[in-house]
Amino acid sequence: RHISKVMKKLLFLLLFVSMNVFACDTYIFGFRGANRIFDEVTFIEYAYYHNMCWVIYNDNQNKQAVKLIGEINKPYELYGFSLGAETVRQVLKEVHFKKMRKPNHVITIGAYHTTNVNFERFDVSFINYFDESGRGQKSPGIHITGVPHNQIQKVVDGRIR
């Protein structure tokens, strides 16, 4: 008889997300770092500024992302923060292996120095931004010094708008 507040919110969220899927021409898939560290506000502002719908995944949800990429069949970008940069690599490998549509662009921010974020072999447009955790990184990208790891997304967002 009575729908709880939680159920109402869940129903609203499901309707919003389903409407969101049909209303978008372009998507951006964001991947959080370890322990779900991610500046969601900055990421959503970036997506909004570029007129994209967004989906946020944890660093271990590459298979779910690939599945949705195949289902939406629309242009998309990939955005990985910290350990999420490795997830971007995994998504690209799977997309390449399955011969799916490639992303229009790839951005990684704050990848660790041992993470391979050189995506040239996938023939995609990409840019990498590194903080101190990326010192010694062999992949191409822009090194930003003096910025804490938990602030780099905001700094990069300010640079690319």
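Nothing here was measured: the structure is a model prediction, and the numbers come from that model.

A. Fine view of helix 2 (residues 40-49). All buried positions along helix 2 are accounted for by T42, F43, Y46 and A47. Looking down the long axis of helix 2, one finds its buried residues gathered within 135° of arc, a one-sided arrangement. Across helix 2 from its buried face, at more than 90 degrees, point the exposed residues V41 and Y48. Of the residues trailing helix 2, N51 is marked for its positive phi of about 60°.

B. Representation of the environment of S82 within the structure. Summarising the element assignment, S82 is placed in the loop between strand 3 (76-81) and helix 4 (84-97). Take S82: its relative accessible area is 19%, and that puts it in the buried class. Sequence separation of S82 and I109 is 27 residues, and the distance between their C-alpha atoms is 6.2 Å.

C. Representation of the packing of aromatic side chains within the structure. Under the counting rule described, the total for this entry stands at nine aromatic pairs. An angle of 70° between the planes, with centres 4.8 Å apart, marks the rings of F43 and Y79 as edge-to-face. On the criterion of sequence distance, the pair formed by F43 in helix 2 and Y79 in strand 3 is long-range, its members being 36 residues apart. Y79 gets classed as buried once you look at its relative accessible area, which sits at 2%. Members of the aromatic cluster, joined through ring pairs, are Y27, F29, F31, Y57 and Y76.

Criteria and cut-off values
Residues numbered from 1 in each chain as written. Predicted model: local features only at pLDDT ≥ 70, side-chain atom pairs only at ≥ 80, totals over all residues. Heavy atoms only, no water. Buried < 20%, exposed > 50% of the residue type's maximum accessible area, 1.4 Å probe, protein only. Helix = DSSP H or I, 4+ residues; strand = E, 2+ residues; numbered from the N terminus. Arc of directions from axis to C-beta. Phe/Tyr/Trp six-rings, centres within 6.5 Å; stacked < 30°, edge-to-face > 60°.

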